[in-house]
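# Residue-level structure breakdown
Spelled out from the first residue to the last, the chains are:
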Amino acid sequence: MDTHLTELVGFFEKNKEKPLKYADFSYKMLESYKTEIVGFRMKVSKIEAAFKLSQGLNEQDMSAIIENLKKCPMHDDLVETRSKPVPPKPSTPHK
């Protein structure tokens, strides 16, 4: 499990200003957290996609999300498609 956690921490921290390293965590802390981690392998047999729009986020929140996604190469395709926040739907008057 240590190998997988080292890789995960390295991957998600590599583009941060002050990236964390798995080796820097204390043994005691890691051992206590490991009891809460469940790992599994599975074979993907089907992928279904859903596109969700802004989910009520304002433009400032959406811009912050996009900027953070730009720092992670794993999300390049998502950032390209959402580089401009989707404007909120106009509200319909209640009858």
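The structure we're discussing is the one just above.
Attention in this report is confined to the structure presented alongside it. Because the structure is a prediction, the values reported are computed rather than measured. (Residues numbered from 1 in each chain as written. Predicted model: local features only at pLDDT ≥ 70, side-chain atom pairs only at ≥ 80, totals over all residues. Heavy atoms only, no water.)

### Quick look at the overall build of the protein
Along its length, the protein carries 4 helices and 0 strands. If you list the helices and strands of the protein from N to C, you get α-α-α-α. By the burial criterion, 14% of the 95 residues in the protein qualify as buried. Counted over contacts in the protein with a minimum sequence separation of 6, partners at least 24 positions apart contribute 47%. (Helix = DSSP H or I, 4+ residues; strand = E, 2+ residues; numbered from the N terminus. Buried < 20%, exposed > 50% of the residue type's maximum accessible area, 1.4 Å probe, protein only. Contact = heavy atoms within 4.5 Å.)

### Concerning the side chain of lysine 34
Looking at where lysine 34 falls in the secondary structure, it is placed in helix H2 (residues 27-34). Taking the relative accessible area as the measure of exposure, lysine 34 reaches 18% and is therefore buried. Each residue touching lysine 34, except ones within four places of it in the same chain, is listed here: Met1, Asp2, Leu5 and Tyr22.

### As for the environment of lysine 46
Here lysine 46 is to be found in the loop between H2 and helix H3 (59-70). Accessibility expressed as a relative area gives 62% for lysine 46, which makes it exposed. Among the polar contacts listed, one links the side chain of lysine 46 to the side chain of glutamate 48, at a separation of 2.9 Å. (Polar contact = N/O pair within 3.5 Å; in protein donor to acceptor, adjacent residues only side chain to side chain.)

Note that every value here comes from positions in space, so none of it alone points to a role or purpose.
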